[in-house]
Amino acid sequence: MPKLTVDGIEVEVPAGATVLQACEAAGKEIPRFCYHERLSIAGNCRMCLVEVKPGPPKPQASCALPAADKQEVFTQSPMVKKAREGVMEFLLINHPLDCPICDQGGECDLQDQSVAYGKGQSRFIENKRAVTDKYMGPIVKTTMTRCIQCTRCVRFAEEVSGIEEIGAIYRGENMQITSYLEQAVTSELSGNVVDLCPVGALTSKPYAFEARPWELKKTPGIDVMDAVGTNVRFDSRGRQVLRVLPRINEDVNEEWASDKTRHAVDGLVRRRLDKPFVRRKGKLVEASWQEAFAAIKAAKAGSSVAAIAGDQLDCETMYAAKALLAAMGSSLLEGRQTGMDYDVSSLAAVNFNSSIAGIETADAILLVGSNLRWEAPLINTRVRKAVKRGARVFAIGEELNLTYPVQWLGNDLGLLGKLPEAVTEAFAKAERPALIVGGGALKAGAQGATLALVKPLGLIKQDWNGYNVVHLAAARMGGLMLGYAQKGGIADIVAAAPKLLFLLGADDVDLTAFDKSLKVYVGHHGDAGAAGADVVLPGAAYTEKPGTYVNTEGRVQFSDRAVFPPGDAREDWAILRALSEVLGHKLPFDSLDQLRAAMTAEVPALGVGGLAGYAWSAPKLPAKASGPVGYPIKDFYLTNPIARASDTMQRCSAELLHGQSFAEAAE
Amino acid sequence: MSDAAHIPDEAETRARWGGFAWTPENAEQAEKIIARYPPGRQQSAVMPLLDLAQRQVGAETGTQGWLPVPVMEYIGAQLGMAYIRVYEVATFYTMYNLAPVGRYHVQVCGTTPCMLRGSDDVLEACYKKGLKKGATTADGLFTLTEVECLGACANAPMVQINDDNYEDLTFDSMTAVLDTLAAGGQPKIGPQIERQTSCPEGGPTTLKEMVAENHDYRGRWEATGNAPA
Ligand code: SF4
Ligand code: FES
Ligand code: FES
């Protein structure tokens, strides 16, 4: 543990720390462009120069210099000031003065640091170098003349996303950043390079010229595109969320977000349900709230009522529906829209127990029927990290590129009963062995067979539980905590033939099985659910309501409202509350606070942020499984109604997955 | 302006070079090259392999050779490297040709020592023969490139043509070199004047002869207090 002084302040830093980190520990700000704590050190921008004694009498790049005992570091000396001014001046030599038309304006490291550390004027009178723009696909817009060659984007593509397709070609003053042959970047994490780029060279294409950062209202939220529960910030202006950016949460998403998380938001202003509809003579026609409620009342359902929750629901909506059904005398709740019926008697047995951050430390991993890269991109990056630390990964399923080396065992669940020696050996040696069970495996009935492996593979050790299930739906764990599961899944609900069926944002249900029921769709998009419903009640999307979500590792998180729902649409719980009065079963809460109080009284864990921590107990299930597994996600970019309504996601799907060409001449 | 990569990647290039594979001799040579690097570090072989490939393309096309994109990808696949990484290497070094060149790639050094010693005359000789910078002559014989220092400054001005240097040039000797090449001959490699390699003109040419010429500077070091310990 080296001890050193920074501007006279004594600090002690862990061995292996850099001088830059020591300066931060001492509370000193060090300007930087190329250094990023989550990427390897490049040391090529020279903005982080400091004076160090002992050492050569010249400024040194603090990001690449190991901190050593008895070093004296100066961050404010005349030498440092002059060095920073010099570096700034050099960086700006070839940087265009186009800040007024640059989307990075207002959140640009180059702007900020030149104000703080620059000299204020340039002595350069030659022509500036200019670089042609490069095509990088539907997410990333480029203005390569602005690039300062920090190589953060290159390092991100190689180290984090694992899809090496960005690089620096030519050299010296001709060096240019480009994607390979200017093809579209195919990584589903490509949007992160926009955040990483310290200047305006890489900006967001869908958000181009939409707003200035200071015009935006920033609301902390939780993403619902998958079950990871990415912590995000909704940036809105007026009634529209213009962009979604990740917030840092080391336990969940670090500081990344998938392209779907970031860019599905343009779907929030398209195909919205903003009025109630009632089906008359086979056609959905606009109606008032009273007419819609009356139509539901007319069904005289009594206690013959059921509710199916969609994938993106908050716990509050699910609780309100549950309370309404309870008041009517029913408990027919289900959230697994596609008919899955795995056992949920123990929540720990369907949870990502090692935790998302914890999987990074695993040393042997077996994936069972999961296309992790699409099902949970940010868990996939964690597994990639584990691989970099030396973990071995085996997988059962159809072969895919998961961005790290995988030993594919074959696509047969029967393998679970007779794992090859390579696997059992690796697991026997492992200190932190982990199993990752995908939705595909659950659907194919492998739950019992995977649980049966807990003992032989030694998945549970002191302080370690390596049995992990990856869910696809943001609403899943919350739904299970609230009892949205029948023993036989949807089949039980079909069997009960309810007179009244609530579809709570549920768009993936096979509605043909319910043609006798009055189907009430409560949700925000005119997708499959609304199209098949008899009554449509316009609800709020995830950006339009405060909500509680539980991610696949059982982490309870809270999201805020950024904007109001459009038109006549209302927050879902308020709709159900109003309806309950019409149906004569008035629910006992008049505000969200009261609802939350009632909900947490019933499920206390939902009231406390953080891991819910389910006690481990595995249900006894038949351990037989066989046959191939299919991956549930057919198109990463179009997994939910919001994404399907999004032009950006449609374009990503068409271009990146279906090979349609959109390449445009550089603007 | 640093232009977008002007690397030919049209359907044509793919059609012509998509099926590229080593000749049996080169396949063997490639294996040998790869074996030079420790296991797990085979990617280090990318530079010699690119060179080998360029030569093979050259042999196939009767030119100095170049690196079509499918050929780079072929090497990337052989070494298990992302294509962009191969591409970065190929674009970094100017000796890899990214576009077709002629039979002879005339690389005239125009850096200061050569310039002071008359590289302008050398270029002039090239222009007179119809060579243009960055272009190949209509007969496909010569491609002219002006390059930076090739490390033969003691023999400035100089030119590198394919694998050989021609040094101590003048307008006339450069013209003669080009004429000989155009006629299918092989000009004398190295200095074009009476001079052995980079030894002083007129000798001495061996270390033995140098003895008398050597000065003992040690006395002077002592005087300045800089004597080696
Ligand atoms: S494009 Fe941006 S992130 Fe990439 S090297 Fe240039 S300045 Fe850095
Ligand atoms: S931050 Fe240290 S050199 Fe760029
Ligand atoms: S300057 Fe021409 S070879 Fe060095």
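Counting starts from 1 at the beginning of each chain's written sequence and moves along it residue by residue. Working convention: letters from A go to chains and numbers from 1 go to ligands, in the order in which they are written. It should be noted that, the model being predicted, local features are given only for residues of pLDDT at least 70 and side-chain atom pairs only at 80 or more, the latter also being counted only at that level, while totals for whole chains, interfaces and linings use all residues.

Engineer: In this structure, what is going on with the overall build of chain B? I would like to understand it.
Structural biologist: Secondary structure elements are defined from DSSP: runs of H or I of at least 4 residues count as helices, runs of E of at least 2 residues count as strands, and each element is numbered from the N terminus. Counting secondary structure elements, chain B contains 10 helices and five strands. With C-beta atoms placed from the backbone, a residue counts as buried when 20 or more other C-beta atoms lie within 10 Å of its own, as exposed when 12 or fewer do, and as partly exposed for counts between those limits. Residues counted as buried form 31% of the 229 residues belonging to chain B. Taking all contacts inside chain B whose residues are at least 6 apart in sequence as the whole, residues at least 24 apart take part in 59%. Our contact criterion uses C-beta atoms placed from the backbone: two residues qualify when those atoms are within 7 Å.

Engineer: I'm lost on the sheet that holds strand E10 (residues 217-222) of chain A in this one. Help?
Structural biologist: Working definition: the strands of a sheet are paired by backbone hydrogen bonds and lie parallel or antiparallel to each other. Residue and element names in this part refer to chain A. When DSSP finds two or more bridges between two strands, those strands count as paired. Read from one edge of the open sheet, three strands run E10-E11-E12, paired in antiparallel fashion. Edge strands, defined here as strands with exactly one partner in the open sheet, are E10 and strand E12 (240-246). Ignoring which end each strand starts from, the neighbouring axes of this sheet average 30° apart. Pairing analysis gives six bridges linking E10 to strand E11 (residues 231-237), with the strands arranged antiparallel. By the bridge assignment, Thr219 is partnered in E11 with Phe234. Interaxial angles span 0 to 180 degrees and are taken between N-to-C directions of axes, which are lines fitted to C-alpha atoms, for helices over the stretch in contact.

Engineer: Can you walk me through the interface of chain B and chain A in this structure?
Structural biologist: Interface size is commonly expressed as the accessible surface area that is lost when the partners come together. Contact residues are listed per partner, giving 15 residues for chain B and 19 residues for chain A. At seven residues, helix H5 (residues 83-92) of chain B tops the list of elements feeding residues into the side of chain B that touches chain A. Taken together, the residues of the side of chain B that touches chain A sort by class into nine nonpolar, two polar and four charged. Under the convention adopted here, Pro, Cys and the residues Ala, Val, Leu, Ile, Met, Phe, Trp and Tyr are nonpolar, Asp, Glu, Lys and Arg are charged, and Gly plus all remaining residues are polar.

Engineer: Could you clarify how one ought to interpret unusual backbone geometry in this entry?
Structural biologist: Backbone geometry follows two general trends: most residues other than glycine have a negative phi, and most peptide bonds adopt the trans configuration. Put simply, Lys53(A) and Pro54(A) share a cis peptide bond, and its omega is -5°. Considering the arrangement of structural elements, one finds Pro54(A) in the loop between strand E3 (49-53) and strand E4 (60-61). The peptide bond linking Ala156(B) to Pro157(B) adopts the cis configuration, its omega dihedral lying at -5°. Along the polypeptide, Pro157(B) turns up in the loop between strand E2 (142-147) and strand E3 (159-161). Notably, Asp7(A) is not glycine yet its phi reads approximately 50°, a positive angle. With respect to the helices and strands, Asp7(A) occurs in the loop between strand E1 (3-6) and strand E2 (9-12). Phi is positive for Ser355(A), which is not a glycine, with a value near 75°. Within the fold, Ser355(A) resides in the loop between strand E16 (332-334) and strand E17 (364-368). Owing to 19 C-beta atoms within 10 Å, Ser355(A) belongs among the partly exposed residues under this scheme.

Engineer: Just checking my understanding: could you explain the site of ligand 1 for this structure?
Structural biologist: Throughout this description, a residue near a molecule or strand is one whose C-beta atom, derived from the backbone, lies within 6 Å of it. Contacts to ligand 1 come from 14 residues, most closely from Cys147(A), Cys150(A), Cys153(A), Cys197(A) and Ala201(A). Partitioned by chemical class, the residues of the shell around ligand 1 number 11 nonpolar, two polar and one charged.

Engineer: Is there a simple way to explain the pairing of E2(A) in this structure?
Structural biologist: Looking along a regular strand, one sees the side chains alternate between the two faces of the sheet. All names here are of chain A. Examined bridge by bridge, E1 and E2 share four bridges and lie antiparallel to one another. When the bridges of E2 are listed, Leu4 appears paired with Val11. Adjacent in sequence and paired antiparallel, E1 and E2 are bridged by two residues, among which Asp7 carries a positive phi angle near 50°.

Engineer: Explain the domain arrangement of chain A to me, please; I cannot follow it from the model alone.
Structural biologist: All names here are of chain A. Here the limits of each domain have been adopted from an automatic or database domain assignment. One can read the domain layout of chain A as domain 1 (3-93), domain 2 (109-269), domain 3 (290-342 + 475-611) and domain 4 (353-469). With centres defined by C-alpha atoms, the gap from domain 1 to domain 2 works out at 26 Å. Residue composition of the side of domain 1 that touches domain 2, grouped by class: 11 nonpolar, three polar and four charged.

Engineer: Would you mind showing me how to read the nonpolar core here?
Structural biologist: Nonpolar side chains tend toward joint burial in soluble globular proteins. Here, a nonpolar core denotes buried Ala, Val, Leu, Ile, Met, Phe, Trp, Tyr and Cys residues that are linked to one another through C-beta atoms within 7 Å. The biggest cluster of nonpolar side chains holds 229 residues, and the ones touching the most others in it are Ile365(A), Leu504(A) and Val520(A). Ranked by the residues each element gives to this core, the list is headed by helix H8 (residues 315-328) of chain A, at eight residues. Excluding residues that lie within four positions of it along the chain, Ile365(A) makes contacts with Val383(A), Ala386(A), Ala391(A), Val393(A), Ala434(A) and Ile436(A). Counting 23 residues, the second-largest nonpolar core is a separate cluster that includes Cys109(B), Cys114(B), Leu123(B) and Cys126(B).

Engineer: Whenever I open this one, the UniProt feature "domain: 4Fe-4S His(Cys)3-ligated-type" (unreviewed entry) in chain A confuses me. Can you help?
Structural biologist: With numbering matched to this structure, UniProt assigns "domain: 4Fe-4S His(Cys)3-ligated-type" (unreviewed entry) to residues 79-118 of chain A. Between the end C-alpha atoms of residues 79-118 of chain A the distance is 14 Å, and the span holds 60% helix and 0% strand. UniProt positions are given in the numbering used here, feature names are shortened, and annotations may be inferred rather than shown by experiment.

Engineer: Please explain helix H3 (residues 109-117) of chain A as it appears in this structure.
Structural biologist: Each α-helix turn comprises 3.6 residues. Residues three or four places apart therefore point the same way. Residues and elements named next belong to chain A. Every buried residue belonging to H3 is among Leu110, Gln113 and Ser114, and all of these are buried. Buried residues of H3, seen end-on, are gathered within an arc of 100° and therefore sit on one face of the element. Residues of H3 that are exposed and point over 90 degrees away from its buried face: Val115 and Ala116. Where H3 is buried, its residues contact helix H2 (78-93). The arc refers to the directions leading from the helix axis to the C-beta atoms.

Engineer: Which parts of the structure should I look at to understand the pairing of strand E15 (residues 305-309) of chain A?
Structural biologist: Residue and element names in this part refer to chain A. Of all five residues in E15, five are buried; the element is thus mostly enclosed. Neither face of E15 is exposed, since Val305, Ala307 and Ala309 on one face and Ala306 and Ile308 on the opposite face are all buried. Relative to strand E24 (residues 500-504), E15 runs parallel, the two sharing five bridges. Considered in E24, the bridge of Val305 is made with Leu500. Here E15 runs beside E16; their pairing, made up of three bridges, is parallel. Within E16, the position partnered with Ile308 by the bridge is Glu334. When the strands point away from the viewer and the connection leading from the first strand across the helix to the second strand turns clockwise, the crossover is called right-handed. For the crossover from E15 across H8 to E16, the handedness is right-handed.

Engineer: Please explain the confidence of the model for chain B as it appears in this structure.
Structural biologist: Should the pLDDT be low somewhere, the predicted coordinates at that spot are not to be read in detail. Note on scores: pLDDT gives the predictor's confidence for each residue, bounded by 0 and 100. Chain-level statistics for chain B give a pLDDT mean of 90 and a share of 89% at 70 or above. Our summary of model confidence lists the complex with pTM equal to 0.92 and ipTM equal to 0.90.

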